[in-house]
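Observations on chain architecture
Letter by letter, the chains look like this.
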Amino acid sequence: MRRADRLFRIVRILRGGRLQTARMLAEKLEVSERTIYRDVRDLQMSGMPIEGEAGVGYTLRRDMDLPPLMFTRDELTALVLGARMVQAWGGASSVASADQALQRIEAVLPADLRERVDAILMYAPGHRMVQPLKERLDVLHDACVGRRVLGFGYSKEDGQNSEREVRPLALYFWGGAWTLAAWCELRKDFRVFRIDRMQEVQVLRREFVQKKGQRLEDFVRQTLKEAQVYEAANSNGAGGAGLDQLT
């Protein structure tokens, strides 16, 4: 846990009004009592109205409580809906972070806004995003950020299989399916892969340097041009290529 996150959680626990000893805080945050003493001291020095002392316990002075976090109704709806979509369709680590973010928001909202959270009737069921796919999404994203070459088997919709080594660029969500945009070393061109059609994904030891013509911005530029051609073809009654025809 990052120190900034730990300090926030200490304040949130103390907002409950009950006296908390260093040992109680240490157990909840899974750190040493010494760490809690240091964190509380730093919070007090920064102006946080924490009362108490080592060996007795700590609490947040009620007449000096933190100001409530304010959002408009539309802002709150957008935040909660966004978090629910991440919980349903995000990677495993993002799901946990979205849940924690919602808890943080609710912890600092005034009572009337907390009631609005429960009144937001917009949901994102994610039963098709099974745990292995959530974990794969994390692996792919880490490879994009770390610029590590990926190897995997790929199965197209028509049943054709191939082995690929690609330079991952970014992940895109298309309202039900995640895809990986990459530079394919087999095709020597950009390709888009559905992550649910990948098998035995491996992050290889090879790192890559983005080269002109193979970068994410080049992929976006090419995709925009292809979209314009596709729209023009459709306007004339011609069919367009599906995702699997690109891979």
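Now for a quick tour of the structure. Since the structure is predicted, the reported quantities are computational estimates derived from the model, not experimental observations. (Residues numbered from 1 in each chain as written. Predicted model: local features only at pLDDT ≥ 70, side-chain atom pairs only at ≥ 80, totals over all residues. Heavy atoms only, no water.)

By way of backbone hydrogen bonds, the strands of a sheet pair with one another, either parallel or antiparallel. Taken in spatial order, the 5 strands make up an open sheet running 6-5-4-3-7, and their pairing is antiparallel. At either end of the open sheet lies a strand with only one pairing partner, and these are strand 6 (189-194) and strand 7 (198-207). For this sheet the average axis-to-axis angle between neighbouring strands, irrespective of direction, equals 45°. With 6 bridges connecting them, strand 5 (residues 178-184) and strand 6 associate as antiparallel partners. Residue pairing for strand 6: cysteine 184 is matched across the bridge by aspartate 189. Helix-sheet contacts for helix 8 (residues 216-235) involve strand 4 (161-173), strand 5 and strand 6, and the interaxial angle to strand 4 is about 90°. (Pairing = 2+ DSSP bridges. Helix = DSSP H or I, 4+ residues; strand = E, 2+ residues; numbered from the N terminus. Axes fitted to C-alpha atoms, helices over the stretch in contact; angles between N-to-C directions. Contact = heavy atoms within 4.5 Å.)

This brings us to unusual backbone geometry. In this structure, glutamate 30 is a non-glycine residue whose phi angle is positive, near 60°. Along the chain, glutamate 30 falls in the loop between helix 2 (22-29) and helix 3 (33-45). By relative accessible area, glutamate 30 is classed as exposed at 71%. Its identity as a non-glycine residue notwithstanding, glutamate 200 has a phi of 50°, on the positive side. Relative to the helices and strands, glutamate 200 is located in strand 7. (Buried < 20%, exposed > 50% of the residue type's maximum accessible area, 1.4 Å probe, protein only.)

Relative placement of two packed helices is described by the angle separating their axes and the distance separating the axes. Relative to each other, helix 4 (residues 73-89) and helix 6 (residues 111-118) sit at 50°, their axes nearing to 10 Å. As the angle between them shows, helix 4 and helix 6 are arranged oblique. As helix 4 packs across helix 6, the resulting crossing turns out to be right-handed. Residues Arg73, Leu76, Val80 and Arg84 of helix 4 form the contact with helix 6, whose own contacting residues are Leu113, Arg116 and Val117. Tallied by class, residues from the contact of helix 4 with helix 6 come to 4 nonpolar, no polar and 3 charged. (Parallel < 35°, antiparallel > 145°, perpendicular 65-115°, else oblique. Left-handed = near helix turned anticlockwise from the far one by under 90°. Nonpolar A, V, L, I, M, F, W, Y, C, P; charged D, E, K, R; others polar.)

Our focus in this paragraph is the pattern of salt bridges. A pair can form between side chains of opposite charge whenever their charged atoms are brought close. All chains considered together, the criterion is met by 12 salt bridges. As a salt-bridge pair, glutamate 165 and arginine 206 come within 2.5 Å of each other at their nearest N and O atoms. In this pair, glutamate 165 is assigned in strand 4 and arginine 206 in strand 7, connecting sequence segments 41 residues apart. The class of glutamate 165 is partly exposed, set by a relative accessible area of 37%. We classify arginine 206 as partly exposed; its relative accessible area is 38%. Across the salt bridge formed by aspartate 196 and arginine 194, the nearest N and O atoms sit 2.6 Å from each other. Since its relative accessible area comes to 38%, aspartate 196 is described here as partly exposed. Connected through salt bridges with shared partners, the residues Arg3, Arg6, Asp39 and Asp42 form a single ionic network. (Salt bridge = Lys/Arg side-chain N within 4 Å of Asp/Glu carboxyl O.)

By size, the foremost hydrophobic cluster in this structure holds 21 residues, and its most contacted members are Val166, Leu180, Phe193, Ile195 and Met198. Looking at this core, the element that brings in the most residues is helix 7 (residues 131-146), giving 5 residues. Filtering out sequence-adjacent residues up to four positions away, valine 166 remains in contact with Val149, Leu150, Phe152, Leu180, Ala182, Trp183, Cys184 and Phe193. Core analysis: the next-biggest nonpolar cluster, separate from the first, contains 16 residues, Ile10, Leu25, Leu29 and Ile36 among them. (Core = buried A, V, L, I, M, F, W, Y, C linked by side-chain atoms within 4.5 Å.)

Below, the discussion takes up the pairing of strand 4. Regular strands show a simple pattern: their side chains alternate between the two faces of the sheet. Direction of pairing for strand 3 (residues 148-155) relative to strand 4: antiparallel, over a ladder of 6 bridges. Looking at strand 4, one finds that glycine 151 is bridged to glutamate 165. Examined bridge by bridge, strand 4 and strand 5 share 7 bridges and lie antiparallel to one another. Bridging across to strand 5, arginine 167 finds its partner in tryptophan 183.

Moving on, we come to the packing of aromatic side chains. In total, this model carries 9 aromatic pairs according to the counting rule given. Taken together, a centroid distance of 5.2 Å and an interplanar angle of 85° make the contact between tryptophan 183 and phenylalanine 190 edge-to-face. Of the residues examined, phenylalanine 190 reaches a relative accessible area of 6% and is grouped as buried. When the ring of phenylalanine 190 is compared with that of phenylalanine 219, the centres are 5.7 Å apart and the planes differ by 65°; the resulting orientation is edge-to-face. One end of the pair, phenylalanine 190, is in strand 6; the other, phenylalanine 219, is in helix 8, with 29 residues separating them in the sequence. The exposure class assigned to phenylalanine 219 is buried, which follows from its relative accessible area of 9%. Grouped by ring-pair contacts, the aromatic residues Tyr172, Trp174, Trp183, Phe190 and Phe219 constitute a single cluster. (Phe/Tyr/Trp six-rings, centres within 6.5 Å; stacked < 30°, edge-to-face > 60°.)

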